[in-house]
Amino acid sequence: MDTKKLRQKILDLAIRGKLVPQDPNDEPASVLLERIKAEKERLIKEGKIKCSKKTAKTSDTPHYENVPFEVPDNWIWTTVEEILELISGQDFPPEKYNNNVSGVPYIIGASNIENEQIVINRWTEFPSVFSYINDLLVVCKGAGVGKMAINNIGTAHIARQIQAVRAYTNYINIKYIKAVVKHNIEDIISKANGLIPGLKRELLLSLQIPLPPFSEQQRIIIEMEHLFTLIDKVEENKYDLQAIIKQAKNKILDLAIHGKLVQQDLNEEPASELLKRINPKAEITCDNGHYTQLPFEVPQNWSWTTLGKIGKWQSGSTPNRLNKDYYNGNIPWLKTGDLNDGYITHIPEYITEKALNETSVKLNPTGSVLIAMYGATIGKIGILTFPATTNQACCACEVFNGIDREFIFLFLLSHREEFIKMGGGGAQPNISKEKIINSLELPKDLMLGAAIVTATGRHEVLISNYKGILEYEDSFIKIQTKNCRILISGSHLAIDYYTNEEMKITGFLDTIQYEN
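A brief structural summary. (Residues numbered from 1 in each chain as written. Predicted model: local features only at pLDDT ≥ 70, side-chain atom pairs only at ≥ 80, totals over all residues. Heavy atoms only, no water.)

## Quick notes on the environment of Arg 16
- Of note, Arg 16 is situated in the loop between α1 (3-15) and α2 (29-45).
- Residue class for Arg 16 comes out partly exposed when judged on its relative accessible area of 27%.
- In contact with Arg 16, not counting residues within four places along its chain, are Phe 69, Glu 70, Pro 72 and Trp 75. (Helix = DSSP H or I, 4+ residues; strand = E, 2+ residues; numbered from the N terminus. Buried < 20%, exposed > 50% of the residue type's maximum accessible area, 1.4 Å probe, protein only. Contact = heavy atoms within 4.5 Å.)

Laid out in structure tokens, this is it:
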């Protein structure tokens, strides 16, 4: 759910008169507008506000022809200038403000508005341009242009980066005005020219306001705040769910590399034999005694080794950018920004055969496991789904036969933080190829090809590391893995998809059985 778009849709419905029903007993907005204009005239005559540039000699309601959209019959179109006062602030030099809570709050700009709430960190004893309770404060200059908040702290001095929007009477709900301004703020800013982002006073004054009756303004705000509260809860739950999912994934990774995710089969060939096949000259001890200070205990038929012993590791390079003959060829060239902690299916940049033959760049085969060694992406990983080259910030592992690349991928993923610590805390953290292949000690089990079966409720099961499909009916499916057969029984069973690595079965599941 895109909650940002949902909020914008609610604002749009609100200012079009479609969020709450109209009440024919409400006083028409045209009458409200006349009352506002009369109050404005009175304040001008008493010298409490300045007369706007636009003539105010008549109280006739202007006719707006080019309005953005139709509004209900008891609404009326007006402008900010016609019904609201706009006050521009004044800057102070440092000697005129303090952080000692002495004087009145001094609102400087965007730094004083967080999540549409006012945050005070400076005060002044020399206030001259005031904002009062219920003013709508809008940042009109700088990086935070468009940020806004309603004054709920009382009297304050505002700086030049702030404009205060103030109602002449209590018959305008400033929260409704905020909704209209917020709905149009990006359009207003886009019309301003200049190198520094800004909100021109004239553009804000000319903003057209669809004005509802006062009672309907109140109903609109009540409904908006109710809906926004519900959206807030959705967002909180979304973030909580994301945190729970992340914790669950980390826990599964932790169980996997500790040998606690699946049961061990004593009939399986020990991992030490696998290591001997990979490197017959290596001295392997089944009790792992030749490794000291092991991170944790592993099952008896596992062995500890280093990353350098389970694959061929190599880093890439960057062909000379000045040589046009090296680029725009047909060989994918990956940069660490292309790593996505998953399967790499798209690489935007390509090099030529000439670059491959004349430079130190290397072609990595399909299935290579990649890891970023330094920079902002340090620790990011991926698995190639096609042959590709990489730049020098990336290290690639072509895993040996008998090694499960996905297990290596998961091991690297679970040790990301350790890799980042290995890189040091300088301005450019760096984990070299030597650190990768020598520093971490790697347990082996899934590398032997053990199947992973993940059932979601009674309607879906995911099987990884399978070898083939033995039988397939709508009431049962039999799968061959390296170590056993898996029999799934139920009704309306179907293979939703399958690849060389995994398959997904859907339907109504009764049992999942394992046969030797």
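After presenting the structure, the write-up continues.
## Things to note about the packing of α1 against helix α4 (residues 174-190)
- Relative orientation of the contacting elements α1 and α4 amounts to 120°, with a least axis distance of 10 Å. If you check the angle between α1 and α4, you find them oblique. In this structure, α1 meets α4 at a crossing whose hand is left-handed. Contact with α1, carried on its side by Gln 8, Leu 11, Asp 12, Ala 14 and Ile 15, involves Tyr 176, Ala 179, Val 180, Lys 182 and His 183 of α4 and no other residues of that element.
- Per-class residue counts for the contact of α1 with α4 are 6 nonpolar, 2 polar and 2 charged. (Axes fitted to C-alpha atoms, helices over the stretch in contact; angles between N-to-C directions. Parallel < 35°, antiparallel > 145°, perpendicular 65-115°, else oblique. Left-handed = near helix turned anticlockwise from the far one by under 90°. Nonpolar A, V, L, I, M, F, W, Y, C, P; charged D, E, K, R; others polar.)

## Re the state of the cysteines
- Scanning all chains against the criterion turns up 0 disulfides.
- Unpaired in terms of disulfides, Cys 395 finds its nearest cysteine sulfur in Cys 394, a separation of 7.3 Å.
- Judged by its relative accessible area of 0%, Cys 395 falls in the buried class. (Disulfide = S-S within 2.5 Å.)

## What to know about α1
- End to end, α1 covers 19 Å across 13 residues, agreeing with the expected 18 Å (1.5 Å per residue, within 8%).
- Taken together, the buried positions of α1 are Thr 3, Ile 10, Leu 11, Asp 12, Ala 14 and Ile 15.
- Immediately beyond the C-terminal end of α1, within one or two residues, lies Gly 17, with a positive phi of roughly 80°. (Expected span 1.5 Å × (residues − 1).)

## Comments concerning the nonpolar core
- Membership of the largest hydrophobic core comes to 50 residues, with the highest contact counts inside it found for Ile 83, Leu 136, Ile 177 and Met 224.
- Ranked by residue count, the leading element in this core is α4, at 8 residues.
- Not counting the four nearest positions on each side in its chain, Ile 83 is found in contact with Leu 33, Ile 36, Thr 78, Tyr 168, Ile 172, Ile 177, Ile 209 and Leu 211.
- In this structure, Leu 274, Cys 397, Phe 419 and Ile 431 belong to the second largest nonpolar core, which totals 23 residues. (Core = buried A, V, L, I, M, F, W, Y, C linked by side-chain atoms within 4.5 Å.)

## Looking at the pairing of strand β25 (residues 466-472)
- In terms of strand pairing, β25 meets strand β26 (residues 476-481) through 5 bridges, oriented antiparallel. Of the residues in β26, the one forming a bridge with Tyr 472 is Ile 477.
- In this structure, the hairpin formed by β25 and β26 is closed by a connection of 3 residues. (Pairing = 2+ DSSP bridges.)

## Description of the sheet that holds strand β23 (residues 452-456)
- One open sheet accounts for 6 strands, arranged β23-β24-β28-β27-β26-β25; its pairing is antiparallel. The sheet is open, and its two borders are formed by β23 and β25, each paired with just one other strand. With direction set aside, neighbouring strand axes in the sheet form an average angle of 45°.
- Alignment of strand β24 (residues 460-464) against strand β28 (residues 502-515), held across 5 bridges, turns out to be antiparallel. In the sheet register, Val 461 faces β28, and the bridge partner there is Ile 505.

## A short note on unusual backbone geometry
- At Asp 341, a position not held by glycine, the phi torsion is positive, near 60°.
- Residue position: Asp 341 is located in the loop between β15 (327-334) and β16 (342-344).
- With phi around 55°, His 492 is a residue other than glycine that occupies positive phi space.
- Structurally, His 492 can be placed in strand β27 (residues 485-498).
- The exposure class assigned to His 492 is exposed, which follows from its relative accessible area of 68%.

## Considerations on the environment of Lys 96
- Relative to the assigned elements, Lys 96 resides in the loop between β2 (84-88) and β3 (104-107).
- Lys 96 sits in the partly exposed class, given a relative accessible area of 34%.
- Sequence separation of Lys 96 and Pro 127 is 31 residues, and the distance between their C-alpha atoms is 9.2 Å.
- Once residues lying within four places of it in the same chain are set aside, the contact partners of Lys 96 are Trp 123, Thr 124, Glu 125 and Phe 126.

## With respect to the packing of aromatic side chains
- Scanning the model with the defined rule gives 7 aromatic pairs in all.
- Relative to Tyr 132, the ring of Phe 130 has its centre 6.1 Å away and its plane inclined at 15°; by these criteria the two rings are stacked.
- Judged by its relative accessible area of 28%, Phe 130 falls in the partly exposed class.
- Since its relative accessible area comes to 38%, Tyr 132 is described here as partly exposed.
- When the ring of Tyr 327 is compared with that of Trp 333, the centres are 6.0 Å apart and the planes differ by 80°; the resulting orientation is edge-to-face.
- Judged by relative accessible area, Tyr 327 falls into the buried class, the value being 9%.
- A connected cluster of aromatic rings, assembled from ring pairs, spans Phe 92, Tyr 97 and Tyr 106.
- Against the face of Phe 69 rests Arg 16, its NZ or CZ located 4.2 Å from the ring centre.
- It is Lys 96 that lies over the ring of Phe 126; its NZ or CZ is 5.7 Å from the centre. (Phe/Tyr/Trp six-rings, centres within 6.5 Å; stacked < 30°, edge-to-face > 60°. Lys NZ or Arg CZ within 6 Å of the ring centre and 35° of its normal.)

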